[in-house]
Amino acid sequence: MSAKQSKNRAADDKAKLDDIERGLAAAEAPPVDLLAEAEGIALNNEALNATRLRNVWLSVRNHEAAWKKARAQAELSQKAADESRAGFAKRAMALTEREELAAAMDAELAQKEAEIERARLAAREGFADEQRGVLDNLRRKHADLLEQISTLEERANTEAHKILAEARTEARQVREEAQHAFHDQVDALSRERTDLYSRESALTERETRLKADLELAEAKQAMLGQQFQSRLGMEVASVREERDSAQARYELERTRREALERERAELRTVLARYGGDPRTANARIDELVEHNQRLLDELSRRPPANEIDELRSRAARAEEAQAEAEALRRERDQLDRQLRYQLINVGELEVLRDQRDALTAQNETLRQSIKQQRAEWEELQSKVGANDPFPACSSYDRHQDLQETRYLRQPETLAALADDLRHQMAHSADFYFTESDVRLFLAGLASNRLHLLQGISGTGKTSLPREFFKALSGGDDAVEIVEVQAGWRDKDDLFGYYNAFEKRFAESEFTKALYRALLPANADRPMVIVLDEMNLAHPEQYFGTMLSVLENSIGQAGYIDLLTSPLDSLPREFDGNRLPLPPNVWFVGTANHDETTVAFADKTYDRAHVQELPPRHQPFRALSRPETDPVSFDALMELFDDAADTHEEAVGRAILLLDDSLRKLFATFGVGWGNRLVRQLDRFLPVVVAAGGTPTEALDHVVATKLVRKLEDRFGVQPDNLDSLADRIDQAWRGFDSTNPPTKTIEKIRKEARRLRVGFGS
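Residue numbers run consecutively from 1 along every chain, following the written order of its sequence. The predicted origin of the model limits local features to residues at a pLDDT of at least 70 and limits the giving and counting of side-chain atom pairs to 80 or more, whereas totals for whole chains, interfaces and linings rest on all residues. Excluded from the side-chain calculation are hydrogens and water; included are all heavy atoms of the structure.

**Q** A description of the sheet that holds strand 8 (residues 585-591) should follow, citing residues and the corresponding values.
**A** We treat two strands as partners when DSSP finds at least two bridges between them. Only DSSP runs of H or I with at least four residues qualify as helices, and only runs of E with at least two residues qualify as strands; both kinds are numbered from the N terminus onward. Strands sit in the order 2-5-8-1-9 across an open sheet of five strands; the sheet is parallel. A strand with exactly one partner marks an edge of an open sheet, and here the two such strands are strand 2 (479-483) and strand 9 (609-612). Ignoring which end each strand starts from, the neighbouring axes of this sheet average 20° apart. Only heavy atoms matter for contacts: two residues are in contact if any of them lie within 4.5 Å across the pair. Angles run from 0 to 180 degrees between N-to-C directions of axes, and those axes are lines fitted to C-alpha atoms, restricted for helices to the stretch in contact. Across the sheet, helix 14 (residues 509-518) lies against strand 2, strand 5 (527-532) and strand 8, angled at about 170° from strand 5, the strand it touches most.

**Q** Give a description of the pairing of strand 4 (residues 504-507) that names residues and reports values.
**A** Sheet topology note: the strand 3 (residues 496-499)/strand 4 ladder contains four bridges and is antiparallel. In the strand pairing of strand 4, Tyr498 is matched with Phe505. In this structure, the hairpin formed by strand 3 and strand 4 is closed by a connection of four residues, where Lys503 is found at a positive phi of approximately 55°.

**Q** Quick one: what's the story with the packing of helix 18 (residues 633-646) against helix 20 (residues 675-690), residue by residue and with numbers?
**A** Relative orientation of the contacting elements helix 18 and helix 20 amounts to 95°, with a least axis distance of 8 Å. As summarised for this structure, helix 18 and helix 20 are arranged roughly perpendicular, according to the angle between their axes. Taking contact as the criterion, the partners of Phe640, Asp641, Ala643 and Ala644 in helix 18 are, on helix 20, Asp682, Arg683, Pro686, Val687 and Ala690. Class assignment for the residues of the contact of helix 18 with helix 20 results in six nonpolar, no polar and three charged. Just so you know how the angles are binned, under 35 degrees is roughly parallel, over 145 roughly antiparallel, 65 to 115 roughly perpendicular, and the rest oblique. Gly counts as polar in this scheme, as do all residues outside two lists: the nonpolar Ala, Val, Leu, Ile, Met, Phe, Trp, Tyr, Cys and Pro, and the charged Asp, Glu, Lys and Arg.

**Q** So, the nonpolar core: which residues are in play, and what are the values?
**A** Core analysis: the largest hydrophobic core is formed by 68 residues, its most contacted members being Phe468, Leu662 and Phe666. Looking at this core, the element that brings in the most residues is helix 19 (residues 648-667), giving eight residues. Not counting residues within four places of it along the chain, the set of residues in contact with Phe666 comprises Val671, Trp673, Val703, Leu707, Val708, Leu711, Leu725 and Ile729. Judged by nonpolar contacts, the second largest core, of 44 residues, contains Tyr396, Phe495, Phe505 and Leu514. To define a nonpolar core, start from buried Ala, Val, Leu, Ile, Met, Phe, Trp, Tyr and Cys residues and group those joined through side-chain atoms within 4.5 Å. Working definition: with a 1.4 Å probe on protein chains only, accessible area under 20% of the residue-type maximum means buried, over 50% means exposed, and in between means partly exposed.

**Q** Hey, could you go over the side chain of Thr745 for me, with residue numbers and the actual values?
**A** Inspection of the secondary structure puts Thr745 in helix 23 (residues 743-758). Residues adjacent in sequence count toward polar contacts only when both atoms are side-chain atoms; beyond that, a polar contact is any pair of N or O atoms within 3.5 Å, and within protein one must be able to donate a hydrogen and the other to accept it. Engagement of the side chain of Thr745 in a polar contact is seen with the side chain of Asp700, the distance being 2.5 Å. For Thr745, the contacting residues outside a window of four places in its chain are Asp700, Val703, Ala704, Val708 and Ile729.

**Q** Outline helix 10 (residues 414-429), supporting the account with residue identities and numerical values.
**A** The end-to-end C-alpha distance of helix 10, which contains 16 residues, comes to 22 Å, matching closely the 22 Å that a straight helix rising 1.5 Å per residue would cover. When we look at burial in helix 10, the residues that qualify are Leu414, Leu417, Ala418, Asp420, Leu421, Arg422, His423, Gln424, Met425 and Ala426. Elements that come into contact with the buried residues of helix 10 comprise helix 11 (435-447), helix 12 (463-473), helix 18 and helix 20. For helix 10, the N-terminal cap is Thr413; the gap from its side-chain oxygen to the backbone nitrogen of Ala416 is 3.1 Å. Looking one or two residues past helix 10, Asp430 carries a phi angle of roughly 60°, positive in sign. How far a helix is expected to stretch is found by multiplying one less than its residue total by 1.5 Å.

**Q** With reference to specific residues and values, describe the packing of aromatic side chains.
**A** For this analysis, a ring pair means two rings from Phe, Tyr or Trp (six-membered ring only for Trp) whose centres lie within 6.5 Å, classed as stacked if their planes differ by under 30 degrees, edge-to-face if by over 60, and tilted for the remaining angles. On inspection of all chains with the given rule, the structure shows 17 aromatic pairs. Both rings, one in Phe600 and one in Tyr605, keep their centres 5.6 Å apart while their planes meet at 75°; by these two values the pair is edge-to-face. Residues Phe600 and Tyr605 agree in their burial class; the two are buried. What links up through ring pairs into an aromatic cluster is the set Trp488, Phe495, Phe510, Tyr542, Phe543 and Phe587. A cation sits over an aromatic face here: Arg578 above Tyr559, 3.8 Å from the ring centre. Working rule: Lys NZ or Arg CZ, within 6 Å of ring centre, within 35 degrees of ring normal, means a charge sits over the ring.

**Q** Pulling in residues and values, what's your account of the environment of Ala517?
**A** As for its placement among the helices and strands, Ala517 is situated in helix 14. For Ala517, a relative accessible area of 1% gives the class buried. When near neighbours in sequence (up to four residues on either side) are disregarded, Ala517 contacts Asn522, Ala523, Met527, Pro582, Asn584 and Val585.

**Q** Account for the confidence of the model for the protein, with residues named and values stated.
**A** For every residue, the predictor reports its confidence as pLDDT, a number between 0 and 100. Mean pLDDT over the protein works out to 77, with 66% of the residues at or above the 70 mark. Per-residue pLDDT stays below 50 along residues 28-49; that stretch engages in 22 contacts with residues further than four places along the chain or on separate chains.

**Q** Tell me what's going on with the environment of Arg449, and back it up with residues and numbers.
**A** With respect to the helices and strands, Arg449 occurs in the loop between helix 11 and strand 1 (450-454). Judged by its relative accessible area of 21%, Arg449 is partly exposed. Spatially, the C-alpha atoms of Arg449 and Glu551 are 9.3 Å apart, while their sequence positions differ by 102 residues. Apart from the residues lying within four places of it in its own chain, the contact partners of Arg449 are Leu550, Ser553, Leu581, Pro582, Pro583, Val585, Trp586 and Phe587. A polar contact is formed between the side chain of Arg449 and the backbone oxygen of Pro582, at a distance of 2.6 Å.

Have a look at this one:
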């Protein structure tokens with residue numbers, strides 16, 4: 001039964017009950033004489049006498065009180081329903097109760113009507129005309145009651161229509177609100193469907209690209225197999241050829257030795273003929289050969305500084321002798337004039353003539369000595385100029401192993417690569433680094449070419465890059481450690497310098513390592529140059545050129561200018577007078593902070609990936625990994641690019657947090673950032689996530705090392721302001737990641753606040 005039907009029926013029942021109550025109240029009791037007369041009438045079981053009829057009326061009056069009570073309750077329920085919308089439910093419950101009570105009363109009334117009908121039949125048979133009159137009166141009253149019931153029904157219908165209209169109005173409002181909500185949901189679903197279509201197309205495109213890459217990889221694998229077979233055949237042929245060549249050289253050497261033996265026998269015969277000692281001759285020959293070899297070695301090298309100084313002094317002495325000869329010549333001329341104009345005896349004239357001849361001979365001797373020394377000088381200059389300007393780099397060009405391309409592998413995922421490198425470092429060298437340290441270092445390779453590793457002495461600042469690249473590139477030759485000296489002031493201390501007198505470049509280990517990375521054997525290997533104790537000198541002075549080259553080489557090739565004028569016989573990989581910057585080389589600087597070091601400038605920090613290693617490392621069970629081939633640099637870059645494409649949405653949310661929330665917070669302290677930080681984050685965060693980390697781990701590291709670092713020792717910063725900054729950053733971070741707070745950033749800020757409260761000297 002619906003609510004509307006329940007309301008209508010309850011209203012009908014109420015109207016009927018009211019009419020019955022009024023009819024019963026207005027009805028007159030039967031006459032006393034009629035009741036007395038009726039007492040003597042005998043009725044059968046089916047007949048109804050006046051006494052029972054009276055009892056029926058009394059019973060009806062007893063029910064009248066119950067009806068009045070029910071009507072009062074209904075009125076209270078109706079009043080409560082009009083006052084509050086919540087009373088509507090209460091009224092419905094009351095109406096339901098009234099409906100149940102009305103149903104019970106209907107049943108009872110039906111029973112009473114049946115009894116009245118039986119009484120009427122009995123009256124027809126045994127009552128007098130007065131009883132009929134009473135019954136007629138009851139019929140009229142019953143008709144009046146029916147009319148009143150009809151009137152009440154009309155009123156109830158009117159009230160029901162009013163309630164129904166209100167319900168319809170409320171339902172219309174609810175329906176309109178539901179329609180608006182439905183349209184909003186439809187729009188949201190439409191946008192979501194569009195987004196899903198775009199993602200589906202992107203996934204389809206990526207799947208196509210992956211299939212193409214897979215086919216290319218399979219083709220490359222087949223080609224590599226063929227190349228391996230062909231290379232194996234070539235190596236076998238080369239070994240056989242070397243064996244044949246060695247056999248031929250052996251035969252030639254045996255023939256030459258036999259000839260030497262014959263020549264030695266002949267020499268012994270000659271020596272015996274002339275009375276010489278063969279052993280003495282052999283010893284003399286050996287001495288001559290050794291002396292000749294020393295002379296050849298001395299000629300192959302540049303002359304020592306003392307010999308050059310001696311040549312210079314000899315040239316100076318020759319010039320002095322020439323000047324002295326010129327003075328003697330003038331003196332001779334003067335003596336000749338004196339001989340012409342003065343009368344001298346023959347003895348004096350002969351003496352003067354002898355002096356003149358002696359001076360002339362001495363002058364000629366000095367002239368010949370000067371000429372000979374000039375020839376020797378020119379010969380030395382020609383020998384020095386004929387050597388390579390870059391002897392070490394040119395020797396690498398002639399090194400056969402450095403000219404052959406190596407087989408390099410492609411790792412499957414960055415997470416597997418990071419885990420494999422971590423266990424390799426622990427198993428092979430007992431260096432235990434945390435998963436986070438390895439992830440952050442690997443992600444730093446994707447975002448920066450320059451790394452700064454900080455921490456107290458003994459935390460593994462040098463060991464981390466050395467062992468990491470040894471495991472990554474398969475050998476010690478992928479790592480070059482350069483010890484920075486406190487006296488370094490300019491780029492010549494780092495790269496080396498050109499000696500114009502010797503026409504040769506004094507190559508440093510740094511320059512030679514860069515050149516080795518360009519050769520075919522290393523061109524696709526990740527390599528590293530570690531600048532140990534980088535801040536013993538000012539990096540912005542001796543490393544300033546590299547900072548500019550690294551900044552300008554983003555997205556294009558970089559070059560290092562080592563020469564100011566063109567030279568001949570330069571190494572093969574040089575581009576004119578410039579050394580190309582290898583794209584597969586990273587630069588890691590280790591730094592201690594004590595009284596012997598200098599502080600890094602902001603330009604160095606902003607251009608570098610900064611990482612601070614913990615004081616202690618917890619050992620873990622290192623798994624033994626099988627020996628694998630070195631990782632390809634191109635494959636590593638491809639994994640970095642795939643990570644950037646996959647986690648682009650996380651980068652967008654991180655940049656949104658930086659721009660919308662953190663920029664305002666740090667601006668109050670005068671700290672800001674530009675596009676360089678966004679560019680680094682665009683490469684750093686995806687690699688951290690792809691290697692098994694979270695976006696908060698990556699962004700927390702960047703904020704702590706790039707932004708919070710600038711608050712240290714900053715003028716005007718108060719501890720309370722720092723605590724407030726930490727709380728506001730924690731609050732703003734919840735919109736980015738509600739489960740992982742920025743622990744590193746918060747701890748660094750609160751540590752600086754505690755230090756300011758205690759004092760700068762703490």
